[in-house]
Amino acid sequence: MSTQRKKFIALVDKAMDDGAKMAPEDLMFSYKGILYPSTVCSPETFKALESFEARDDDVFLAGYPKSGTNWVGQILTDLVTTSSKHTENFNRVDDEELEEFPYLEVGDAEKYQRMENLPSRRVIFTHLLPHNLPASVLKSEAKILLLIRNPKDVATSFYHFSNGLSPLPTYKTFDDFFTAFMNGEMPWGSYFDYVFEWNKHADKKNVMTVTYEELKENRALGVKKISEFFEFPLTDEELQEVVDRSSFQAMKENSTKTHGAMGSVLFRKGSVNDWKNFFSEDHNQKMDMTFEERLGGTKLGEKLNYGVYCKA
Ligand code: PPS
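Residues numbered from 1 in each chain as written. Predicted model: local features only at pLDDT ≥ 70, side-chain atom pairs only at ≥ 80, totals over all residues. Heavy atoms only, no water.

Some points on the site of the ligand
Around the ligand, 23 residues are found, and the nearest of them are Thr69, Ser157, Tyr212, Lys269 and Gly270. Within the side chain of histidine 127, a nitrogen or oxygen atom sits 3.5 Å from an oxygen atom of the ligand. Contact with the protein chains covers 97% of the free accessible surface of the ligand, which is 650 Å². Residue assignment for the shell around the ligand shows that the elements contributing at least two residues are α3 (69-84), α6 (151-164), α9 (212-217) and α12 (248-253). Grouping the constituent residues of the shell around the ligand by class yields nine nonpolar, nine polar and five charged. (Near = heavy atom within 4 Å. Polar contact = N/O pair within 3.5 Å; in protein donor to acceptor, adjacent residues only side chain to side chain. Areas by Shrake-Rupley, 256 points an atom, 1.4 Å probe, with all protein chains shown as cover. Helix = DSSP H or I, 4+ residues; strand = E, 2+ residues; numbered from the N terminus. Nonpolar A, V, L, I, M, F, W, Y, C, P; charged D, E, K, R; others polar.)

A short note on the sheet that holds strand β4 (residues 123-126)
Pairing in this open sheet of four strands is parallel, and the strands run β4-β3-β5-β6 from one edge to the other. One side of each edge strand has no neighbouring strand; the edge strands of this open sheet are β4 and β6 (207-211). For this sheet, the mean angle separating the axes of adjacent strands, direction not counted, is 20 degrees. Bridging between strand β5 (residues 143-148) and β6 involves five bridges; their strand directions are parallel. Bridge assignment links isoleucine 148 to a residue of β6, and that residue is threonine 211. Those strands touched by α3 are β3 (59-63), β4 and β5, and its axis lies near 170 degrees from that of β3. (Pairing = 2+ DSSP bridges. Axes fitted to C-alpha atoms, helices over the stretch in contact; angles between N-to-C directions. Contact = heavy atoms within 4.5 Å.)

Some points on the packing of α3 against helix α11 (residues 236-245)
α11 packs onto α3 with a crossing angle of 150 degrees between their chain directions and a minimal axis gap of 10 Å. As far as their axial angle goes, α11 and α3 are roughly antiparallel. Two packed elements cross with a definite hand, and for α3 against α11 that hand is right-handed. Between α3 and α11, the residues in contact are Gln74, Ile75, Asp78, Leu79 and Thr82 and Glu238, Leu239, Val242 and Arg245, respectively. Class assignment of the residues belonging to the contact of α3 with α11 gives a composition of four nonpolar, two polar and three charged. (Parallel < 35°, antiparallel > 145°, perpendicular 65-115°, else oblique. Left-handed = near helix turned anticlockwise from the far one by under 90°.)

Now the structure itself:
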């Protein structure tokens with residue numbers, strides 16, 4: 001197991017222990033009008049985050065929670081690690097002192113100072129809305145992979161994750177969860193706000209959008225496109241290895257090593273359309289209407305292919 005995963009697992013395990021001891025009303029805190037889990041985020045870290053300096057060669061992955069961030073994050077990290085074998089940075093990749101929790105907004109307030117010592121190219125994940133990112137990210141020429149997933153499967157995945165993980169609120173019924181989801185009362189905020197706000201950046205040349213569904217459809221093609229976008233110098237054989245290592249099966253089997261106890265909750269189904277087992281006619285109607293109102297006619301709304309993936 002790489003040192004990065006040890007730190008990752010230690011942070012997640014601690015969050016699970018802390019969450020189990022906390023009163024439900026303390027699990028979340030609000031920062032600039034958005035809810036975040038108190039076990040892994042803090043106002044101090046958000047304040048310190050403002051000083052974060054992006055580099056032009058940083059590799060960013062932006063995605064609303066439950067969109068497949070860990071999946072695409074593994075693909076990106078694997079691509080960077082594999083391409084570093086072609087450069088002199090290779091020996092630095094596994095240096096314990098240089099590892100950080102990959103989500104930008106998660107961790108202690110000192111992490112941004114430590115991140116200055118990370119070698120290029122840094123791989124950084126985030127669930128933040130674009131205007132809540134430190135200013136340097138969008139000012140830089142760093143490339144951003146924007147990951148989106150259809151809202152019905154996101155909601156279904158979020159429901160199970162919330163109920164399966166102690167740091168997140170528990171819901172008695174899917175209906176209770178659905179109401180909170182539609183009101184944007186979720187950690188990291190509203191799905192609809194997220195896609196709407198990122199839509200403003202979707203045309204930029206340093207932003208590439210990928211959908212969970214297109215990756216499910218053809219992972220090899222998706223990995224190739226991502227690699228080309230970031231200009232990673234991988235051979236066809238190396239690309240194929242990245243594809244093989246990122247199957248749901250492979251990641252689920254490896255999840256105790258990569259994600260500790262959280263693995264069994266996170267790698268749940270990894271499928272498209274599981275929402276059909278949870279959405280009532282009323283839920284469908286409400287979400288179809290909100291999607292049309294908030295995202296109808298937008299570039300990302302079109303890219304989500306709602307008619308194919310979300311119509312009952
Ligand atoms: S998190 O906790 O918000 O960062 O969750 P995130 O990683 O964004 O999303 C979790 C969902 O992604 C699915 N997943 C995968 N799908 C397909 N292939 C692979 N390799 C893969 N890895 C993770 C995971 O199963 C969650 O979706 P659901 O629908 O709950 O299964």
